[in-house]
Amino acid sequence: MNAAAESSKRAFQSWRKTSIITRQQTMFNLQHLIKRDLKKLAENITIEQGKTLPDAEGDVSRGLQVVEHACSVTTLQMGETMPNISKDMDTYSIRLPLGVTAGICPFNFPAMVPLWMFPLALVTGNTMILKPSEQDPGAAMKLVELAKEAGIPDGCVNVIHGQHEAVNFICDHPDIRAISFVGGDQAGRHIYERGSKNGKRVQSNMGAKNHGVVLPDASKEATLNQLTAAAFGAAGQRCMALTTAVFVGESKKWLPDLVEKVKKLKVDAGWKPNTDIGPLISNQSKQRVLRLIESAKKEGAKVLLDGSNVKVPGFENGNFVGPTIIADAQPNMTCYKEEIFGPVLVALSVDTLDEAIDLINKNPYGNGTALFTTNGVAARRFTDLIDVGQVGINVPIPVPLPMFSFTGSRGSFLGDANFYGKAGVNFYTQLKTVTQLWRSEDASPEAKPQMAFPQLK
Ligand code: NAD
């Protein structure tokens, strides 16, 4: 780990001096190489992480979009200029890299999350130490190999492996200036506190409980399909999974139809065609999900569909949990309060839209939420009053494209600058302002003209 820090520090000295168009070119190359190897990367994810192949391709593609965004660095990293702030005096600002940065990743998006981090850190002139999840580091390793092939010099991105010790090394090392973290609450809070205490910039994306509010005027089939995909896709192991349905008024009568739809989902190995739900990442994860389903039964909720005992032929010891729907949940129940991170949809019922808004605003998390409706006035009211960072109207997983930022809020985020978008560039750069005075009285004779069309390198 010390060798990685030393190498990153050394590489920064030359990398920071490369021209912005050289760094931009490496991102164009990286974009091409990721596209070339997309299928291979996805296969690696499916084998190592368990998600289905089409979902793994989505994992890579959504990360690829951040690389494409990084290609806009030539405008994103521009400073500002104010000429003539006084006679013959101008001020301009420049955005400079910080130095060595670090990224700590979760298991659930083995390609997308590393790609949220190192491309933007590098293209803005930093170097990065990447710590993938110890549970599935394969995609991150392949991506940094592609970065090398794309022309990123040695030392600019280093990978270290491990868990607590590696994380604490990053939080404490004096040469690391900033930490990007994505993962659960416990690690996220720890890293934010320890890193900040050591004077580092930290952005920490953490856990979630995302509510989907269903109004009775919503388009029924489309809404039930969207709920199904957003709750059970990736076996519910997405921080933006729509894990909590809030049925308003009469819409709760749609629950039996939802159960029928969800029953048809196929649980099997991720690499098999037609699989809808793959295994969970570990036996520990499976045990947590089973415990939370049990808690719902004990605490008086109604389990309409129970996937606790699912058996997948050929994989009897696999970490599978079948799709589960818990109805009549209450806000004080454990299954509502804790992040389940499995294929489990918790359903609550309320009488009005305002009650739904109140419920969501009282929940400590603020990652994402969605409203399903055909009523624009209701949609506008929801958007206005809801205190959640990413809002979807008839969009169940409202993660914006990277020209915007990932804007989870409240309990789901610690820090000041979000991931990617303009905020991501701000996170990895520091401002310097220059105020200069060139007295017109001192003007020197003009230099000779250079006649050839200038070529930049
Ligand atoms: P995790 O917190 O267990 O692990 C994340 C990283 O932190 C890993 O690299 C791990 O090695 C390290 N780590 C874990 N426990 C630690 C500890 N006690 N001290 C120091 N380091 C520790 O998360 P996970 O299980 O890999 O991922 C799932 C979680 O990530 C869920 O809570 C999910 O909501 C969250 N997540 C959030 C976002 C987001 O953008 N908000 C995106 C993806 C995942």
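These numbers come from a predicted model, not from an experiment.

*Asks:* What is the right way to look at unusual backbone geometry in this model?
*Replies:* One can expect most non-glycine residues to show negative phi and most peptide bonds to be in trans. A positive phi angle is found at Ala234, which is not glycine, with a value near 55°. Counting through the fold element by element, Ala234 comes out in the loop between helix H10 (220-232) and strand E9 (244-248). You will see that Arg410, though not glycine, has its phi angle at about 45°, which is positive. Structurally, Arg410 is set in strand E16 (residues 409-410). Judged by its relative accessible area of 27%, Arg410 falls in the partly exposed class.

*Asks:* Whenever I open this one, the UniProt feature "domain: Aldehyde dehydrogenase" (unreviewed entry) in the protein confuses me. Can you help?
*Replies:* Mapped onto this numbering, the UniProt entry gives "domain: Aldehyde dehydrogenase" (unreviewed entry) at residues 2-434. Along residues 2-434 one finds 42% helix and 19% strand; the C-alpha atoms at either end are 35 Å apart.

*Asks:* Can you help me understand the nonpolar core in this one?
*Replies:* One recurring pattern in soluble globular proteins: nonpolar side chains tend to sit buried together. Counting 61 residues, the largest nonpolar core has Val213, Leu227 and Leu258 as its most contacted members. Of the residues forming this core, the biggest block, 6 residues, is contributed by strand E12 (residues 344-350). If sequence neighbours within four positions are ignored, Leu258 has contacts with Leu224, Leu227, Thr228, Phe247, Ile325 and Leu345. Ranked by size, the runner-up nonpolar core spans 56 residues in total, among them Leu30, Leu41, Val67 and Val113.

*Asks:* I tried to follow helix H15 (residues 376-385) on my own but got confused; where do I start?
*Replies:* One turn of the α-helix equals 3.6 residues, which is why residues spaced by three or four share an orientation. Of all the residues in H15, the buried ones are Ala378, Ala379 and Phe382. Across the axial projection of H15, the buried residues extend over an arc of 100°, all falling on one side. Exposed residues lying more than 90 degrees from the buried face of H15 are Gly376, Val377, Arg380 and Asp384. In this structure, the buried side of H15 is in contact with strand E8 (211-214), helix H14 (353-362), strand E14 (369-372) and strand E15 (391-393). The backbone nitrogen of Val377 lies 2.8 Å from a side-chain oxygen of the residue at the head of H15, namely Asn375.

*Asks:* Can you help me understand the state of the cysteines in this one?
*Replies:* By definition, a disulfide links the sulfur atoms of two cysteines through a covalent bond. Under the definition given, this model contains 0 disulfides. We note that Cys71 lacks a disulfide partner, and the nearest cysteine sulfur, in Cys156, lies 17 Å from it. With a relative accessible area of 9%, Cys71 lands in the buried category. Cysteine Cys105 remains unbridged, with the sulfur of Cys239 as its closest cysteine sulfur at 13 Å. Looking at Cys105, the relative accessible area reads 7%, which means it is buried.

*Asks:* How do you make sense of the pattern of salt bridges when you look at a structure like this?
*Replies:* Any two side chains of opposite charge can pair, given that their charged atoms come close. Using the criterion set out here, one finds 24 salt bridges in the structure. Lys40 is the partner of Asp37 in a salt bridge, and the nearest nitrogen-oxygen pair spans 4.0 Å. On the basis of relative accessibility, which here comes to 11%, the residue Asp37 falls in the buried class. Between Asp154 and Lys148 there is a salt bridge, with its nearest N and O atoms 2.7 Å apart. Of the two residues, Asp154 and Lys148, both sit in the exposed class.

*Asks:* It is not clear to me how H14 should be interpreted in this structure. Could you clarify?
*Replies:* When we look at burial in H14, the residues that qualify are Leu353, Ala356, Ile357, Leu359 and Ile360. Looking straight down H14, one finds its buried side chains confined to an arc of 160°; they lie on one side.

*Asks:* Could you clarify how one ought to interpret the pairing of E9 in this entry?
*Replies:* In regular strands, side chains alternate between the two faces of the sheet. Of all the 5 residues making up E9, 5 are buried; the element is thus mostly covered by neighbouring parts of the structure. Covered by surrounding structure in E9 are Thr244, Val246 and Val248 together with Ala245 and Phe247, the residues of both alternating faces. Pairing between E8 and E9: 4 bridges, direction parallel. Bridging across to E9, Val213 finds its partner in Val246. Chirality of the crossover, the property in question, places the unit of E8, H10 and E9 among those that are right-handed. Pairing analysis gives 5 bridges linking E9 to E12, with the strands arranged parallel. Across the sheet, the residue bridging to Ala245 is Ala347, located in E12.

*Asks:* How do you make sense of a nonpolar patch on the surface when you look at a structure like this?
*Replies:* The grouping of Leu401, Met403 and Phe404 at the surface amounts to a nonpolar patch, some 330 Å² of accessible area in total. Within the secondary structure, Met403 is located in the loop between E15 and E16. Take Met403: its relative accessible area is 53%, and that puts it in the exposed class.

*Asks:* Mind showing me how you'd approach the environment of Val67 here?
*Replies:* By the secondary structure assignment, Val67 is in helix H4 (residues 53-70). When near neighbours in sequence (up to four residues on either side) are disregarded, Val67 contacts Met27, Leu30, Gln31, Ile34, Leu115 and Pro119.

*Asks:* Just to check I follow, could you spell out the sheet that holds strand E5 (residues 157-159) for this structure?
*Replies:* Strand pairing in a sheet takes place through backbone hydrogen bonds and is either antiparallel or parallel in direction. Read across the sheet, 6 strands follow the order E5-E4-E3-E6-E7-E17 without closing on themselves; strand pairing throughout is mixed. What marks the edges here is a single partner per strand, and that holds for E5 and strand E17 (413-414). Two elements, strand E4 (residues 127-131) and E5, share 3 bridges in a ladder whose sense is parallel. If you follow Met128 over to E5, its bridge partner there is Val157. The sheet contacts of helix H9 (residues 185-197) involve strand E3 (100-104), strand E6 (176-182), strand E7 (201-205) and E17, and relative to E7 the element is tilted by about 175°.

Calculation notes
Residues numbered from 1 in each chain as written. Predicted model: local features only at pLDDT ≥ 70, side-chain atom pairs only at ≥ 80, totals over all residues. Heavy atoms only, no water. Helix = DSSP H or I, 4+ residues; strand = E, 2+ residues; numbered from the N terminus. Buried < 20%, exposed > 50% of the residue type's maximum accessible area, 1.4 Å probe, protein only. UniProt positions renumbered as here; feature names shortened; annotations may be inferred. Core = buried A, V, L, I, M, F, W, Y, C linked by side-chain atoms within 4.5 Å. Contact = heavy atoms within 4.5 Å. Arc of directions from axis to C-beta. Polar contact = N/O pair within 3.5 Å; in protein donor to acceptor, adjacent residues only side chain to side chain. Disulfide = S-S within 2.5 Å. Salt bridge = Lys/Arg side-chain N within 4 Å of Asp/Glu carboxyl O. Pairing = 2+ DSSP bridges. Right-handed = clockwise from strand over helix to strand, strands pointing away. Patch = residues over 30% accessible without salt bridge, like charges linked within 9 Å, V, L, I, M, F, W, Y side chains within 5 Å. Areas by Shrake-Rupley, 256 points an atom, 1.4 Å probe, with all protein chains shown as cover. Axes fitted to C-alpha atoms, helices over the stretch in contact; angles between N-to-C directions.

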